[in-house]
Amino acid sequence: MMESQKFPFLPRFIATSFGAGYWPWGPGTAGAVVGLALWLPLALTGSVTATFLATLGLIVVFTILGIWSAGIAENFWGPDPSRVVMDETVGQWIAMLPLSVFATTPSPLSSGSFWLWALVSLALFRFFDIVKPLGVRRMEDLPGGTGIMADDILAGTYSAVILALTMYFLS
């Protein structure tokens, strides 16, 4: 670890998901909630295509920035530090991809159930992120920032698949 240097602001700001990683009670959940909060204005535009493409863009850009910033964070805070939560933010965006598609259809997402499905996506993602089943834990073995991001990308993918299937069969 690099004790003699100060952790530069930009990678620290990104790695902590704009500061959410400093939340003392469940920083991972705080990072996922940041993802949800930043995504909701996109979904409320009512455009399926714009919401879906913007969500994909956010996922790609912040996966790259997350790998970079998490790798730097390990130099200052040690392996897989709990303050690094950009991985949870990106994982939550992945978990909400089905909501991007179904958000403007009348069923199963009436205005009230939209919020319920958003919370279901959060619960599913946090379940897969915390329990780490089906190979999610193995992703942590990848080196540096890649391992930090990869487990949450897979957890978000599992969440998105389950959410999409559930929404489809309930419609």
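The structure we're discussing is the one just above.
A few points on the structure. (Residues numbered from 1 in each chain as written. Predicted model: local features only at pLDDT ≥ 70, side-chain atom pairs only at ≥ 80, totals over all residues. Heavy atoms only, no water.)

### Here we look at the packing of aromatic side chains
All chains considered together, the criterion is met by 13 aromatic pairs. Judged by centre distance (4.8 Å) and plane angle (65 degrees), the ring pair of phenylalanine 7 and tryptophan 77 falls under edge-to-face. Here phenylalanine 7 is found in the segment before helix H1 (9-15), whereas its partner tryptophan 77 is found in helix H3 (residues 48-77), with 70 residues between them in sequence. We classify phenylalanine 7 as buried; its relative accessible area is 7%. Aromatic side chains tryptophan 23 and tryptophan 25 sit 5.2 Å apart centroid to centroid with 75 degrees between the ring planes, which places their arrangement in the edge-to-face category. The partly exposed category is assigned to tryptophan 23, whose relative accessible area is 46%. A residue is classified by how much of its surface remains accessible, and tryptophan 25, at 63% relative accessible area, is exposed. (Phe/Tyr/Trp six-rings, centres within 6.5 Å; stacked < 30°, edge-to-face > 60°. Helix = DSSP H or I, 4+ residues; strand = E, 2+ residues; numbered from the N terminus. Buried < 20%, exposed > 50% of the residue type's maximum accessible area, 1.4 Å probe, protein only.)

### Some points on a nonpolar patch on the surface
On the surface, Phe9, Leu10, Phe13, Phe18, Leu38 and Trp68 cluster together into a nonpolar patch covering about 570 Å² of accessible area. Broken down by element, the nonpolar patch gets its largest block of residues, three residues, from H1. Examined against the element boundaries, phenylalanine 18 turns out to sit in the loop between H1 and helix H2 (27-43). (Patch = residues over 30% accessible without salt bridge, like charges linked within 9 Å, V, L, I, M, F, W, Y side chains within 5 Å. Areas by Shrake-Rupley, 256 points an atom, 1.4 Å probe, with all protein chains shown as cover. Salt bridge = Lys/Arg side-chain N within 4 Å of Asp/Glu carboxyl O.)

### A look at the environment of phenylalanine 18
Looking at phenylalanine 18, the relative accessible area reads 32%, which means it is partly exposed. Remark: the alpha-carbon pair of phenylalanine 18 and threonine 45, spanning 27 residues in sequence, is separated by 23 Å. Those residues in contact with phenylalanine 18, other than ones at most four positions away along the chain, are Phe13, Val34, Leu38, Phe62 and Met86. (Contact = heavy atoms within 4.5 Å.)

### Brief notes about H3
Along H3, the positions that sit buried rather than exposed are Thr51, Thr55, Ile59, Phe62, Thr63, Gly66, Ser69, Ala70, Ile72, Ala73, Phe76 and Trp77. Residues of H3 that are buried sit in contact with H1, H2, helix H4 (86-95), helix H5 (97-102) and helix H8 (144-170). One or two positions beyond H3, positive phi appears at glycine 78, with a value near 90 degrees.

### What about the side chain of threonine 89?
Within the element layout of this structure, threonine 89 appears in helix H4. What makes threonine 89 buried here is its relative accessible area of 0%. Residues contacting threonine 89, with those up to four places away along its chain left out, are Ser17, Gly31, Ala32, Val34 and Gly35.

### Some remarks on unusual backbone geometry
In this model, serine 17 sits at a positive phi of 55 degrees, which is unusual for a non-glycine residue. Looking at where serine 17 falls in the secondary structure, it is placed in the loop between H1 and H2. Although it is not a glycine, aspartate 80 sits at a positive phi angle of roughly 40 degrees. Topologically, aspartate 80 is positioned in the loop between H3 and H4.

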